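Observations on the model geometry
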Amino acid sequence: MSEYAVIVIDMLNDFVTGNLKCERAQNIIPNIKKLIEAARKYNVTVIYSNDAHYPQDHEVVEKWGSHAIKGTKGAEVIPELKPTTKDYIVEKRTYSGFYETGLDPLLRSLGVKTVILTGLHTNMCVRHTAADAFFRGYKIIVAKDGVEAFTQEDQDSGLKYLEYVYNAKLELTSNIIKEFSK
Ligand code: ZN
């Protein structure tokens, strides 16, 4: 079993083309696609960490408005990155993929030591997922061409923060794929 797991964060219709659309998400779709296809080929686990909100969630009501409501089209993974039956989907109700979800026990049961983070947004859900991964002793790789934010400034400062605070290795997806094949 591989010590790696690729985590695809919030690549959902609402974040890419819907209510909370991020134009820059288009930049990373082909890279994430290549990465998850390689992961499946080399038996590296692929886990989708997806917002699946209740309409009354604090984050929906107080902060962002309606997005990724559980059971709606907006909460589905974008068609380009559709999960296969081999992949795992772990729903979350706020920024971190670990917060009150089954992600940690799932990673442990798979023997994962290093999480490879991709998706949206570098300075929000990726950052909070990295924080919780760090607290739990996982090594962190961030696909620097596989994460995005609303602005270039958020992207640059977000990546810098991940590297500085959580010791994340910032790596191109092509290099991560090379690592899988070793
Ligand atoms: Zn949300």
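Described in the following lines is the structure provided in the data block.

With that settled, the discussion passes to the coordination of the zinc ion. Looking at the metal site, the zinc ion is ligated by Asp-51 (OD), His-53 (NE2), Glu-59 (OE) and His-67 (NE2), spaced 1.9 to 2.2 Å from it. Note that the zinc ion binds four donor atoms; their angles at the metal cover 90 to 165°, and the shape is irregular. Written as a sequence motif, the donor residues of the zinc ion are D-x1-H-x5-E-x7-H. Of this pair, His-53 sits in the loop between strand S2 (45-51) and helix H3 (58-64) while His-67 is found in the loop between H3 and strand S3 (88-92), placing the two residues 14 residues apart along the sequence. Summarising the burial analysis for this pair, His-53 and His-67 share the class buried.

With that settled, consider the sheet that holds strand S5 (residues 139-148). Ordered by their spatial adjacency, six strands build an open sheet running S3-S2-S1-S4-S5-S6, and the pairing between neighbours is parallel. Two strands lie at the open edges of the sheet, namely S3 and strand S6 (169-171), each paired on one side alone. If you compare each strand with its neighbour and ignore which way they point, the axes differ by 25° on average. Across six bridges, the pairing between strand S4 (residues 114-120) and S5 is parallel.

Here we come to helix H7 (residues 173-180). Among the residues making up H7, those that are buried are Thr-173, Ile-176 and Phe-180. Angular distribution of buried residues about the axis of H7 spans 55°; they occupy a single face of the element. Buried residues along H7 sit in contact with strand S1 (4-9), helix H2 (29-41), S4, S5 and S6.

Going from Leu-120 to His-121, the amide bond is cis rather than trans, its omega being -20°. For His-121, the location among the structural elements is in the loop between S4 and helix H5 (125-135). The phi angle at Asn-43 is positive, at roughly 60°, despite the residue not being glycine. Looking at the secondary structure, you find Asn-43 in the loop between H2 and S2. Residue Asn-167 is not a glycine yet carries a positive backbone phi of 60°. Examined against the element boundaries, Asn-167 turns out to sit in the loop between helix H6 (152-166) and S6. When its relative accessible area of 63% is taken as the criterion, Asn-167 is described as exposed.

Rules of the game
Residues numbered from 1 in each chain as written. Predicted model: local features only at pLDDT ≥ 70, side-chain atom pairs only at ≥ 80, totals over all residues. Heavy atoms only, no water. Donors = N, O, S within 2.8 Å, 3.2 Å for Na, K, Ca; no water. Tetrahedral: all angles 85-135°; square planar, octahedral: opposite > 155°, others 65-115°. Helix = DSSP H or I, 4+ residues; strand = E, 2+ residues; numbered from the N terminus. Buried < 20%, exposed > 50% of the residue type's maximum accessible area, 1.4 Å probe, protein only. Pairing = 2+ DSSP bridges. Axes fitted to C-alpha atoms, helices over the stretch in contact; angles between N-to-C directions. Arc of directions from axis to C-beta. Contact = heavy atoms within 4.5 Å.

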